[in-house]
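Each chain, letter by letter, is given below.
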Amino acid sequence: MLRILFIALLSLGSFRPAEIPVPLSPAWVVESGSLLNIEGSSNINRFTCHIRQYLQSDTLRWVRDDRAKKLVFRNSAVNIDISQFDCHQKYITSDLRKTLRADKYPQLRIHFLSMDDLTWVQEGQKVRGQVNIELAGHIKRYDMEYTVIHEQGNRFRLCGSKQILFSDFNLVPPGKLAGLVRINQEIKVNFELHFRPFGS
Amino acid sequence: MKKIVLSVLVAGIVLLAMSLLLIFIEIKFFPGLVEEYFSPVFRWSDTSTDWLFYTHPFVVAFALKWFWERYKDLFKGGDLLRAFEVALVYGIIAMVPVLWVTYSAIDISLGMVLTWLAYGILQAFVAGYIFSKINP
């Protein structure tokens, strides 16, 4: 009798109620063909740093705010490995990585917060949104303006650019020769993100 | 003594102005060479060390003034000729050997080393001319 009771108790312990599936919010997957570059300048010349390889398949999840006609993102970020930047000038590349503290903060993150609902946007029309850019351990919010380009099979591209300052992230642009040779404060982030719906 | 101090100060100020002017000229006409200053062998700009750069003309002026006072009687002729001789001596005795070993040890281009040689010789020429004028 005790043995039966013991076995019954063990069975109860291993019983788990069936997991109720949580409905997934709509999501977009960032495709590997996405592009991102940084334009900067020094008091000598201009330079552009390209991402050599964007390998991560980041997913952006959103819910629709019908009243505001916006998409609100949840835990959605595009992660860029800073070591993958190539400025095509070896000294600028290494100086930029050092300035961005890539050894301690290896990623540039663009956290999507909100965006105009694309259902209401016509081809070629500008889309507004907000992002948090996380760089070298600091986060700053920016208002963004994108261009949406629809492609086949529910795919689309989000293109945009934003001028930011090193000082926005408490960073000091590199300078040499007592500051007489220096990188300027302003840098421009240009991006073309390729999206496909999650699950397609 | 007054003349010595005055000539060092004047030379220092003129050499400082000249160094800034030459940097801007180099940026304008030889940007590829200036880009090399982004190399990691060069110190990052920092308040704790930047002042060394801005005071180096006075160090050079002081050193050349000591040399001038010691050996000025050997340099004959007009102000320009005397300045030229000082520049030549300084270039051969001080600049060439130091830059020779610098080039052998540090990963910098020959072009950059040659700009430093020209800069040093020009510094000595300008300082020598000022000393010859103020304190012959």
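First, a word on what this report is: a plain description of the structure on this page. All values reported here derive from a predicted model rather than from experimental measurement. (Residues numbered from 1 in each chain as written. Chains lettered and ligands numbered in written order. Predicted model: local features only at pLDDT ≥ 70, side-chain atom pairs only at ≥ 80, totals over all residues. Heavy atoms only, no water.)

**Things to note about the pattern of salt bridges**
Residue and element names in this part refer to chain A. To be explicit about the condition: Should a side-chain nitrogen of Lys or Arg be within 4 Å of a carboxyl oxygen of Asp or Glu, the pair is scored as a salt bridge. Helix and strand assignments follow DSSP, with helices taken as H or I runs no shorter than four residues and strands as E runs no shorter than two, numbered in order from the N terminus.
The final tally for this structure, using the stated rule, is 12 salt bridges over all chains. One salt bridge connects Arg157 with Glu192, and the closest N-O pair in it is separated by 3.5 Å. Taken together, the residues Arg157 in strand 11 (residues 156–165) and Glu192 in strand 14 (residues 186–197) connect sequence positions 35 residues apart.

**Points about the interface of chain A and chain B**
Using the following cut-off: For this analysis, residues touch if any pair of their heavy atoms sits within 4.5 Å. In this description, buried area is defined as the sum, over both parts, of the accessible area (probe of 1.4 Å) that is lost when the two are combined. Polar contacts, as used here, are pairs of N or O atoms within 3.5 Å; protein pairs need one atom able to donate a hydrogen and one able to accept it. Residues neighboring in sequence count only if both atoms are side-chain atoms. Residue classes follow a fixed rule: Ala, Val, Leu, Ile, Met, Phe, Trp, Tyr, Cys and Pro count as nonpolar, while Asp, Glu, Lys and Arg count as charged, and any other residue, Gly among them, counts as polar.
In this assembly, 20 residues from chain A lie in contact with 18 residues from chain B. When chain A packs against chain B, close to 1,900 Å² is buried across both sides, 71% of that on carbon and sulfur atoms. Of all residues in chain A, Tyr91(A), Lys176(A) and Leu180(A) bury the most surface against chain B, accounting for 35% of the area lost on that side. For the pair chain A and chain B, the number of links is 0 salt bridges. On inspection of chain A and its partner chain B, the count reaches 7 residue pairs in polar contact (both at pLDDT 80 or more). Residue assignment for the side of chain A that touches chain B shows that the elements contributing at least two residues are helix 2 (90–99), strand 12 (175–176) and strand 13 (181–182) of chain A. The element contributing the most residues to the side of chain A that touches chain B is helix 2 of chain A, with 5 residues. Here the side of chain A that touches chain B is built from residues that sort into 9 nonpolar, 7 polar and 4 charged.

**Observations regarding the pairing of strand 2 (residues 35–41) of chain A**
Residue and element names in this part refer to chain A. Cut-off, in case you're wondering: Whether a residue is buried, partly exposed or exposed follows from its accessible area with a 1.4 Å probe, protein chains only, as a fraction of its type maximum: under 20%, in between, or over 50%, in that order. Only strands that DSSP links by at least two bridges are regarded as paired with each other.
Counted residue by residue, strand 2 has 5 buried out of 7 residues, so it is predominantly covered. Note that strand 2 and strand 14 share 5 bridges and pair antiparallel. Each bridged residue has a counterpart across the sheet, and for Leu35 the counterpart in strand 14 is Glu192. Bridging between strand 2 and strand 3 (residues 46–51) involves 5 bridges; their strand directions are antiparallel. Within the sheet, the bridge partner assigned to Ile38 lies in strand 3 and is Cys49.

**As for the packing of helix 3 (residues 47–71) of chain B against helix 5 (residues 110–134) of chain B**
Residue and element names in this part refer to chain B. To be explicit about the condition: Inter-axis angles, ranging from 0 to 180 degrees, are taken between N-to-C directions of lines fitted to C-alpha atoms, where helices are fitted over the stretch in contact. An angle below 35 degrees is read as roughly parallel, one above 145 as roughly antiparallel, one from 65 to 115 as roughly perpendicular, and any other as oblique. Note on convention: the crossing is left-handed when the near helix lies turned anticlockwise from the far helix by less than a right angle, right-handed when the turn is clockwise.
Where helix 3 contacts helix 5, the axes come no closer than 10 Å and their chain directions differ by 60°. Classified by the angle between their axes, helix 3 and helix 5 sit oblique to one another. Relative to helix 5, helix 3 is oriented so that their crossing is right-handed. Contact with helix 3, carried on its side by His56, Val60, Ala61, Leu64, Lys65 and Trp68, involves Tyr119, Gln123, Ala124, Ala127, Gly128, Phe131 and Ser132 of helix 5 and no other residues of that element. Tallied by class, the residues present in the contact of helix 3 with helix 5 amount to 8 nonpolar, 4 polar and 1 charged.

**A short note on helix 1 (residues 2–29) of chain B**
Residues and elements named next belong to chain B. Selection criterion: One less than the number of residues in a helix, times 1.5 Å, gives the span that helix is expected to have.
Helix length check: helix 1, at 28 residues, gives a terminal C-alpha distance of 40 Å against a target of 40 Å (1.5 Å per residue), a fit within 8%. Among all positions in helix 1, only Ser7, Val8, Ala11, Gly12, Leu15, Met18, Ser19, Ile23, Glu26 and Ile27 are buried. Lining the buried residues of helix 1 we find helix 2 (31–35), helix 3 and helix 5.

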